Amino acid sequence: MTASSSDLAAPEPISAVRHEPLRRTWLRNTWGDLVYVHWAVDPDLIQASLPDGVRVDTFDDRAYVSLIPFQMTDAMVRGLPAIPGVSNFAETNVRTYVVDSKGHRAIGFFSLEAVALPIVAFARWLLGFPYVWSRMSIERSGGDRDGTRRYRTERRRWPRRPGATTELEVEIGQRIETPSDLDVFLSARWGTVAEWPRRSGRIWYHPVDHDEWTLFEARILHLDDESISAAGLPRPDTEPIVRYALPVHARFGRPQRVTSPRRGVSRPTGRARPDRSG
């Protein structure tokens, strides 16, 4: 059974800052040396990959898939000190942009590769995010606002299949004083969604709050990526949008159960699927 459009809440407005700051949080972390590589894709392709109760979000009738490597620091439960070797690590995400049945504009993940095994196990088993324990590195030249960044994912350790490697090097350009509407659409996401337990049909929204992004133009010097195809998506053939961002300090609210309207949204056939192993 599928839901009619009248059962779905209208998407919340797009905003560069969160409409209402989170008053109660339970997790924190900082995202630094972050690069966005966005590709426009067919919305039907993305919708086919989503769990019931989650809709693809579009800008000018186009969906987007993004490759996002960055350095995570100070990842910990609120009120507890960071743990050396656990709280700081490299991470690379493959994500898309969605709306849940309550109208939250959010991020849907195909994969999240990270170096820290305890973080991978915690987020994968207890929160439902498709984390993968991987060998990764980040090489940095220049300051916080210039120079180059080189990101490598050498191999996946667990789960090992589907295997994927990534090499990305970018050069940071000029600061974007006034981000475009598309930049805001792709960067200002105030939550994530995940299905947990896996294949249960139960969708959870994880709210997040942080300062407004400071974005820079960026240029790809080298890109060789297998993580998007490992997610079951075709290799993008459109020109990417590339951005670099200054660090932000993120705070997460407790997960909220999203009531799926009678098991969801109709899907096209021939679906790609995010990582559901493990």
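Because the structure is predicted, anything quoted here is derived from the model rather than measured.

Participant: Mind laying out unusual backbone geometry, listing which residues take part and the relevant values?
Facilitator: The amide bond that connects tryptophan 158 to the next residue, proline 159, takes the cis arrangement and shows omega of -15 degrees. Note on placement: proline 159 falls in the loop between β8 (148-158) and β9 (166-175). In this structure, the amide linkage connecting arginine 161 to the following residue, proline 162, adopts the cis form with an omega of 0 degrees. In this structure, aspartate 33 takes a positive phi of about 50 degrees despite not being glycine. Note that aspartate 33 resides in the loop between β1 (27-32) and β2 (34-41). Residue classification places aspartate 33 among the buried positions, given a relative accessible area of 13%. Although it is not a glycine, aspartate 61 adopts a positive phi angle of roughly 65 degrees. By the element assignment, aspartate 61 lies in the loop between β3 (54-56) and β4 (63-77). Residue class for aspartate 61 comes out exposed when judged on its relative accessible area of 64%.

Participant: Talk me through the nonpolar core; I want residue IDs and the actual numbers.
Facilitator: If you look at the biggest cluster of nonpolar residues, it comprises 37 residues, and the most contacted ones within it are Trp31, Leu34, Tyr36, Phe89, Phe129, Tyr131 and Trp213. Elements supplying a minimum of two residues to this core: β1, β2, β4, β5 (89-100), β6 (105-114), α2 (117-127), α3 (181-187) and β14 (248-252). A total of five residues in this core trace back to one element, the largest contributor, which is β4. Setting aside residues up to four positions removed in sequence, phenylalanine 129 forms contacts with Phe109, Leu112, Ala123, Arg124, Thr192, Val193, Ala194, Arg198 and His206.

Participant: Could you give an account of a nonpolar patch on the surface, with specific residues and numbers?
Facilitator: Together, Phe122, Trp125 and Leu126 line one region of the surface with nonpolar side chains, adding up to about 320 Å² of accessible area. Along the polypeptide, phenylalanine 122 turns up in helix α2. The partly exposed category is assigned to phenylalanine 122, whose relative accessible area is 32%.

Participant: Any chance you could break down the confidence of the model for the chain for me, citing the residues and the numbers?
Facilitator: As a note on interpretation, predicted positions should not be read in detail where pLDDT is low. Across the chain, the average pLDDT comes to 91, with 90% of residues at or above 70. Of the regions scoring below 50 in pLDDT, residues 263-278 engages in 55 contacts with residues more than four places distant in sequence or in other chains.

Participant: I'd like to hear about a positive patch on the surface, residue by residue, with values.
Facilitator: Residues Arg135, Arg155, Arg160 and Arg161 make up a contiguous surface patch of positive charge. Tracing the chain through its elements places arginine 160 in the loop between β8 and β9.

Participant: Give me the environment of serine 227: which residues, what numbers.
Facilitator: With respect to the helices and strands, serine 227 occurs in helix α4 (residues 227-230). Taking the relative accessible area as the measure of exposure, serine 227 reaches 1% and is therefore buried. Along the sequence, serine 227 and aspartate 74 sit 153 residues apart, while their C-alpha atoms lie 26 Å from each other. Apart from residues no more than four positions distant in its own chain, serine 227 is found in contact with Leu67, Val94, Glu113, Arg156, Ala164, Thr165 and Thr166.

Participant: Explain the pattern of salt bridges to me, and be specific about the residues and the numbers.
Facilitator: Taken as a whole, this structure holds 13 salt bridges when the rule is applied. For aspartate 144, the salt bridge goes to arginine 140, with nearest N and O atoms at 2.1 Å. A relative accessible area of 44% places aspartate 144 in the partly exposed class. By relative accessible area, which is 43% here, arginine 140 ends up partly exposed. Across the salt bridge formed by glutamate 217 and arginine 243, the nearest N and O atoms sit 3.2 Å from each other. Of this pair, glutamate 217 sits in strand β12 (residues 215-225) while arginine 243 is found in strand β13 (residues 241-245), placing the two residues 26 residues apart along the sequence. Judged by relative accessible area, glutamate 217 falls into the partly exposed class, the value being 38%. The network of salt bridges with shared partners includes Asp33, Arg140, Asp144 and Arg149.

Basis of the calculations
Residues numbered from 1 in each chain as written. Predicted model: local features only at pLDDT ≥ 70, side-chain atom pairs only at ≥ 80, totals over all residues. Heavy atoms only, no water. Helix = DSSP H or I, 4+ residues; strand = E, 2+ residues; numbered from the N terminus. Buried < 20%, exposed > 50% of the residue type's maximum accessible area, 1.4 Å probe, protein only. Core = buried A, V, L, I, M, F, W, Y, C linked by side-chain atoms within 4.5 Å. Contact = heavy atoms within 4.5 Å. Patch = residues over 30% accessible without salt bridge, like charges linked within 9 Å, V, L, I, M, F, W, Y side chains within 5 Å. Areas by Shrake-Rupley, 256 points an atom, 1.4 Å probe, with all protein chains shown as cover. Salt bridge = Lys/Arg side-chain N within 4 Å of Asp/Glu carboxyl O. pLDDT = per-residue confidence, 0-100. Lys, Arg positive; Asp, Glu negative; His and termini not counted. Charge placed at Lys NZ, Arg CZ, Asp CG, Glu CD.

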